[in-house]
Amino acid sequence: MCTLTYPKNNEIIDLYTPIQNKFIKRINKFGTESALEWLLTVKNGIERSHPQDINFKWCDNNSSEYIFELSKNQYFNEPIIMKTKDSCCTITNLENGTRYYWRVNNSKYNTFTTKEKSQRFIKIGGLLNVRDIGGKNIRQGLIYRGSELDCKFNITEEGKHTFCKELGIKTDLDLRFEPHEHVNDSPAGESVTLRKIKYRPYMEIFEEQYRKNICAIMELFADKSNYPIYIHCMGGADRTGMIAIYLRAIAGESENDIHLDYELTGLSTYGAGASEGADGFRSRNNCYYKEFISALDKFAPSKTLNEKVIGFLKDCGVSQNCIDTIYSIIKA
């Protein structure tokens, strides 16, 4: 008889690591600069943007091989299946706010629920600073943001399996301005369509060539057949961060959650901390970021950040129909 020991039945599991939770708590309580200064003392060159693994455990002295199954329903339709000779296995990249069922060798199942969060951290071999921007107002599993897949950061074979098979990503949206004309296919594999649309961050987005390119980017998100989509520049921080802001604004997320998503790059080895300047770096108080946010005011004076972003997109030529279509696709 197989006895499931962890997670315990009806347990609530947090997919955030203690450092991720503490970083966000410090931002909300003390402000970004305090959180960044604290983070610098604990990063130690370690990538802190990976989610918390779940280490499943069970007891069974009568079997030499185990078949582990994990499903979102008690009927185990389309489950994650792993075969192992050990009485344990590790699973990562589960969704937040989701009820799961698991069993081993067709045993009686246990169930657990992951905590609801506004951000979902993702681990893909070779990449860093990866997040699913879904969680609260946006459906999970549709839009991922992260680092490049080649050049400075390179996706591994294991990472390709996660990218294509586990996450099922269909479109690789490459925002890089650096010369990559020789790259015509996604490094993730032939099942992924590469779309190269050059973009720049902060005040440069108001330049005419990038105003035109934002229309092409939004049209890509208005086509349901492109999903799931992975957005990246080099480190997945600035150019990628701008697109995440637009999508979160369209979905009606709070201003705090929009800023927080930008700031979570600080958990990555690619993201720096407050030592890079008196105003901090990749924080809502960073001079570049504040200038960009302030520049949006003219598109919807005295309105919310969401309305200002949508006003900017329309001023660039993005139609209301395009915005409404994106909303209908991504809204949780």
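Before reading on, note that the structure itself is shown above.
About the cut-offs
- Residues numbered from 1 in each chain as written.
- Predicted model: local features only at pLDDT ≥ 70, side-chain atom pairs only at ≥ 80, totals over all residues.
- Heavy atoms only, no water.
- Core = buried A, V, L, I, M, F, W, Y, C linked by side-chain atoms within 4.5 Å.
- Buried < 20%, exposed > 50% of the residue type's maximum accessible area, 1.4 Å probe, protein only.
- Helix = DSSP H or I, 4+ residues; strand = E, 2+ residues; numbered from the N terminus.
- Contact = heavy atoms within 4.5 Å.
- Polar contact = N/O pair within 3.5 Å; in protein donor to acceptor, adjacent residues only side chain to side chain.
- Pairing = 2+ DSSP bridges.
- Axes fitted to C-alpha atoms, helices over the stretch in contact; angles between N-to-C directions.

> Can you help me understand the nonpolar core in this one?
Across soluble globular proteins, nonpolar side chains have a tendency to be buried as a group. In terms of nonpolar packing, the biggest core is built from 47 residues, with M218, F221, I243 and Y246 touching the most fellow members. Sorting the residues of this core by element identifies helix 4 (208-221), strand 14 (229-232), helix 5 (239-250), helix 6 (255-263), helix 7 (287-295), helix 8 (305-316) and helix 9 (320-330) as the ones contributing at least two each. Sequence-distant contacts of M218, defined by excluding residues within four places in its chain, comprise I243, Y246, L247, I250, L313, V318, C322 and I326. Within the second largest apolar cluster, 17 residues are counted, among which are C2, L4, C89 and I91.

> What should I look at first to understand the side chain of E95 in this one?
Within the secondary structure, E95 is located in the loop between strand 6 (88-91) and strand 7 (99-104). E95 gets classed as buried once you look at its relative accessible area, which sits at 17%. One polar contact links E95 to K72, side chain to side chain, over a distance of 3.1 Å.

> Hey, could you run me through the sheet that holds strand 1 (residues 3-6) in this one?
Read from one edge to the other, the open sheet built from three strands follows the order 1-3-6, with strand pairing classed as antiparallel. The sheet terminates laterally at strand 1 and strand 6, the two strands that pair on one side only. For this sheet, the mean angle separating the axes of adjacent strands, direction not counted, is 25°. In this sheet, strand 6 lies alongside strand 3 (residues 54-59) in antiparallel orientation, the contact comprising four bridges.

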